[in-house]
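Fold and geometry: a report
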Amino acid sequence: MYNDVIDLRDFYNTPMGHTAQSLGRRHIRAIWPTVEGLNLAGIGYPTPYLRPFLGEAERVVALMPAQQGVVHWPADSKNEGRNIVSLVPEDDLPLGDLSMDRILLVHAIECSEQSHKLLREVWRVMAGGGKLLIVVPNRRGIWARMDHTPFGHGHPYTHRQVSRLLRDNLFQPGHSTAGLFVPPTRSRMALASARAIEQIGLRWFKTVGGLLFIEAQKQIYAGTLSTPTPARARPYAHILRDTKRGLIQAKKKDLFPVQ
């Protein structure tokens, strides 16, 4: 079950959320040091981790599942009036085949009730040499055991479980690491020491990090060609802004095609 988008937004506006965001960005950047000239999509609630890529990637989009909800982003004076977020059905992403070079999944796999369908859609929209990066709560970490953070909700994973899920959906797992070793506390002293704790954790306690960062590459298998069937037109969400609540909504009939 997905977290509510308002709860996610409020968490990342707290000191604990800022710490998780900062440490998460460092690990993502270490895996993807550059995305210059590439198309990048974030799925789930990826916006806290996408900002460093805005001025670098050729194109950046954020797709938030209909079960979660969506908020306008980026929301600052520099990007006033701009919105790169869409509300989407997780099993029918409004992106063209082979259109994305990098895909980031955050607050997605652990919450989805149809993770196989979501990953098959990711496989469809990913370019041949593209890379997928999944960020999930670590079953062995303390963050997955505390429900006052978004990482304490949904289904946490071990590295082996994520690798199996990826292989089952035609991805080859590659580089991986653990992160977020600071405890999920509101203590200012602990949060101020987060970077030092992160270095200690990476060196001595890799299996108990709060998050797993696992990169994967698309697998392409040879198969027998068959007569193609007409593809169903993929609906693009029509985004509407509710200025009173600051929410972005889409009409249900525009999101889910009539069967």
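Definitions and limits used
- Residue positions within a chain follow its written sequence, with the count starting from 1.
- Confidence filtering applies because this is a predicted model: local features only for residues at pLDDT of at least 70, side-chain atom pairs given and counted only at 80 or more, and all residues used for totals across whole chains, interfaces and linings.
- Water and hydrogen atoms were dropped before computing side-chain values, which therefore reflect all heavy atoms in the structure.
- In this text, helices come from DSSP runs of H or I with a minimum length of four residues, and strands from runs of E with a minimum of two, each type numbered from the N-terminal end.
- For the exposure calls, accessible area comes from a 1.4 Å probe over protein chains only, and a residue counts as buried if that area is under 20% of its type's maximum, exposed if over 50%, partly exposed in between.
- By the convention used here, residues are in contact when the closest approach between their heavy atoms is within 4.5 Å.
- Under this scheme, a helix contributes an axis fitted over its contacting stretch, all axes are lines through C-alpha atoms, and angles between N-to-C directions fall in the 0 to 180 degree range.
- The labels follow the angle: roughly parallel below 35 degrees, roughly antiparallel above 145, roughly perpendicular from 65 to 115, and oblique for the rest.
- Each helix crossing is assigned a hand: it is left-handed if the near helix lies turned anticlockwise from the far helix by less than a right angle, otherwise right-handed if that turn is clockwise.
- Charged residues are taken to be Asp, Glu, Lys and Arg, nonpolar residues to be Ala, Val, Leu, Ile, Met, Phe, Trp, Tyr, Cys and Pro, and polar residues to be all remaining types, Gly included.
- Among the buried residues, those of types Ala, Val, Leu, Ile, Met, Phe, Trp, Tyr and Cys that are joined through side-chain atoms within 4.5 Å form a nonpolar core.
- As a per-residue measure, pLDDT reflects the predictor's confidence and takes values from 0 up to 100.
- Polar contacts here mean pairs of N or O atoms no more than 3.5 Å apart (in protein, one a potential hydrogen donor and the other a potential acceptor; neighbouring residues in sequence count only if both atoms are side-chain atoms).
- Pairs of strands are assigned from DSSP output, requiring at least two bridges between the strands.
- For a crossover, the right-handed case is the one in which the path from the first strand over the helix to the second runs clockwise, viewed with the strands pointing away from the viewer.

Let's talk about the overall build of the chain
A tally of regular secondary structure across the chain gives eight helices and nine strands. Residues classed as buried in the chain amount to 51% of the 259 residues present. Counted over contacts in the chain with a minimum sequence separation of 6, partners at least 24 positions apart contribute 69%.

Here we look at the packing of helix H2 (residues 15-31) against helix H7 (residues 194-204)
Put simply, H2 and H7 touch, their axes get as near as 11 Å, and they point 45° apart. Taken together, the axes of H2 and H7 lie oblique to each other. Crossing of H2 against H7: the hand is right-handed. Note on element contacts: H7 touches H2 through Ala194, Arg195, Glu198 and Leu202, opposite Thr19, Ser22, Leu23, Arg26 and His27. Per-class residue counts for the contact of H2 with H7 are three nonpolar, three polar and three charged.

A word on the nonpolar core
Counting 38 residues, the largest nonpolar core has Trp32, Leu104 and Phe151 as the members making the most contacts within it. Contributing elements (two or more residues each) for this core: helix H1 (5-12), H2, helix H3 (47-50), strand E2 (59-65), strand E3 (85-88), strand E4 (100-106), strand E5 (126-137) and strand E7 (211-218). Broken down by element, this core gets its largest block of residues, five residues, from H2. Discounting residues that sit within four places of it in the chain, Trp32 has contacts with Leu40, Phe53, Arg102, Ile103, Leu104, Lys131, Leu132, Leu133 and Glu215. Counting 32 residues, the second-largest nonpolar core is a separate cluster that includes Val61, Leu63, Ile134 and Leu166.

What to know about the confidence of the model for the chain
Averaged over all residues, the pLDDT of the chain equals 86, while 83% of them reach at least 70. When the criterion is pLDDT under 50, residues 222-230 qualifies, and its contacts beyond four places in sequence or with other chains add up to zero contacts.

Topic: the side chain of Glu90
With respect to the helices and strands, the residue Glu90 is situated in the loop between E3 and E4. Polar side-chain contacts of Glu90 include one of 3.2 Å to the side chain of Gln114. For Glu90, the residues in contact, after removing those within four places along its chain, are Tyr2, Gln67, Ser112, Glu113, Gln114, Leu118 and Glu121.

Comments concerning the sheet that holds E2
Pairing in this open sheet of seven strands is mixed, and the strands run E3-E2-E1-E4-E5-E7-E6 from one edge to the other. The open sheet has two edge strands, E3 and strand E6 (171-179), and neither has a second partner. The mean inter-strand angle of the sheet, taken between neighbouring strand axes irrespective of direction, is 20°. Bridge count between E2 and E3: four bridges; the pairing is parallel. Counterpart to Leu63 in the pairing with E3 is Ser86.

Focus on the pairing of E5
Extensive coverage of E5 is indicated by the burial of nine of its 12 residues. In terms of strand pairing, E4 meets E5 through six bridges, oriented parallel. Its bridge partner lying in E5, Arg102 is registered against Lys131. Between E4 and its parallel partner E5, the chain crosses via helix H4 (residues 115-125), and the hand of that crossover is right-handed. Bridge analysis of E5 against E7 gives seven bridges, and the strand direction is antiparallel. For Val135, the partnering residue across the bridge sits in E7 and is Phe213.

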